[in-house]
Amino acid sequence: MDRKLIGVDLGGTTTKFAILTENGEIQQKWSIETTILDEGAHIVPNIIDSINHRINLYNMDKSDFVGIGMGTPGTVDLAAGTVIGAYNLNWKTLQPVKQQIEAGTGIKFTLDNDANVAALGERWKGAGENGNDVVFVTLGTGVGGGVIADGHLLHGTAGAAGEIGHVTVEPNGYMCTCGKRGCLEQYASATGVVHVARDMAEEFSGESKLKELLDNGEEISSKITFDLAKEGDILAKSVVDKVSYYLGLALGNVGNTMNPSSIIIGGGVSAAGDFLLKQVDHYFKQFTFPTVRNTTVLKLAVLGNDAGVIGAASLATRFI
């Protein structure tokens, strides 16, 4: 019988699981709520219980599995299998995740940062077409990234490689939670798009539904902004142009540095689709030199929410 992989995508609100073949095809998937009470003390026990429950439910045995891979927020020590600083999970102290999950399930376990894991997923079964040089950038509540070069996921000396969200796109620009100014995350994340929209609305004097919403104190979102831009709202179009400029600038610099075959754009903001991609690509071409311009392609992610569990499972293929 073919042995299986388990992929776990640990998030601040939900934890997603999948059982996959060694080739990365999903056979079963499920999710549980992430309980962050008591400094996240329930998170790992709940993951162990859920995996053991499903193995029993499907009349399987731990020997049927090659291994478990997991993507997690925070800073990961790959060798030790620990996580620290995952504040959205309430994990303030060092968590010995690998040790606990291997003891609780009897299955080999490995983990990496969630953005890296999503990059691995898109590279393996998604838009990256299993290329050796692929960059993934995720535009969600923040901006994350993962860099695969010569077939290897880059981690950097402190595990901070691929943090595309902290590329400076506007010197002396918006203050970032990281403590420096002008980070891409402050302009191209879901919250960043809203920040840009608010600031541009203040100086805008023409007809605009977006300005009307903001002036009336109504909540706007990146989705509302993109939808209005698609409908031709002048202010919304200007906001999308500015966000696309910053993204094109950052990704152009990534392209000039890494020359990947593809730079894949995922996350909630990327739901704007080709409308966003075309505008980012315009600036990307402006900011790249000819060799990169002609060989590195911008693409939209295709796996959606499955990128995390697929990429996590791919970590476990090292045990095959």
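Residues numbered from 1 in each chain as written. Predicted model: local features only at pLDDT ≥ 70, side-chain atom pairs only at ≥ 80, totals over all residues. Heavy atoms only, no water.

Draft legend 1. Representation of helix 4 (residues 114–125). Relative to the 16 Å expected for 12 residues at 1.5 Å per residue, helix 4 spans 16 Å between its end C-alpha atoms, a close match to the ideal helical length. Regarding helix 4, the residues found buried are Ala115, Asn116, Val117, Ala118, Ala119, Leu120, Gly121, Glu122 and Arg123. One side-chain oxygen of the residue at the start of helix 4 lies 3.0 Å from the amide nitrogen of Ala115, identifying that residue as Asn113. (Helix = DSSP H or I, 4+ residues; strand = E, 2+ residues; numbered from the N terminus. Expected span 1.5 Å × (residues − 1). Buried < 20%, exposed > 50% of the residue type's maximum accessible area, 1.4 Å probe, protein only. Polar contact = N/O pair within 3.5 Å; in protein donor to acceptor, adjacent residues only side chain to side chain.)

Draft legend 2. How the structure looks around the pairing of strand 2 (residues 14–20). Along strand 2, 5 of the 7 residues are buried, which leaves the element largely enclosed by surrounding structure. Pairing of strand 1 (residues 4–10) with strand 2, which is carried by 6 bridges, proceeds in the antiparallel orientation. Within the sheet, the bridge partner assigned to Leu5 lies in strand 2 and is Leu20. Connecting strand 1 to the antiparallel partner strand 2 that follows it, the hairpin turn spans 3 residues. Taken together, the 7 bridges between strand 2 and strand 3 (residues 26–33) define a ladder with antiparallel strand orientation. Of the residues in strand 3, the one forming a bridge with Ala18 is Lys29. Here strand 2 hands over to strand 3 after 5 residues, with Gly24 in that stretch at a positive phi of 90°. (Pairing = 2+ DSSP bridges.)

Draft legend 3. How the structure looks around the sheet that holds strand 11 (residues 262–266). With respect to topology, 5 strands assemble into an open sheet ordered 10-9-8-11-12, the strand pairing being mixed. The sheet is open, and its two borders are formed by strand 10 (152–153) and strand 12 (297–300), each paired with just one other strand. Bridging between strand 8 (residues 134–139) and strand 9 (residues 143–149) involves 6 bridges; their strand directions are antiparallel. In the strand pairing of strand 9, Leu139 is matched with Val143. Across the sheet, helix 9 (residues 234–258) is in contact with strand 8, strand 9, strand 11 and strand 12; its angle to strand 11 comes to roughly 145°. Contacts from helix 10 (residues 274–287) reach strand 8, strand 11 and strand 12 within the one sheet, and its direction differs from that of strand 12 by about 165°. (Contact = heavy atoms within 4.5 Å. Axes fitted to C-alpha atoms, helices over the stretch in contact; angles between N-to-C directions.)

Draft legend 4. Looking closely at the pattern of salt bridges. Scanning the entire structure with this criterion turns up 8 salt bridges. Note that Glu129 is salt-bridged to Lys299, the shortest N-O span being 3.4 Å. A residue pair is termed long-range when its members are at least 10 positions apart, and Glu129 in the loop between helix 4 and strand 8 and Lys299 in strand 12 qualify at 170 residues. Assessed through its relative accessible area of 63%, Glu129 is described here as exposed. When its relative accessible area of 22% is taken as the criterion, Lys299 is described as partly exposed. (Salt bridge = Lys/Arg side-chain N within 4 Å of Asp/Glu carboxyl O.)

Draft legend 5. Structural view of unusual backbone geometry. Despite not being glycine, Asn90 shows a phi value in the positive range, around 65°. Of note in this structure, Glu129 is not a glycine but carries a positive phi near 50°.

Draft legend 6. Up close: the pairing of strand 8. Burial runs high along strand 8: 6 of the 6 residues are buried. What you see with strand 8 is no split at all: Val134, Phe136 and Thr138 on one side and Val135, Val137 and Leu139 on the other are buried throughout. If you look at the hairpin formed by strand 8 and strand 9, you'll find 3 residues sitting between the two strands. When strand 8 meets strand 11, the two strands line up parallel, connected through 5 bridges. Directly across from Val137, in strand 11, lies its bridge partner Ile265.

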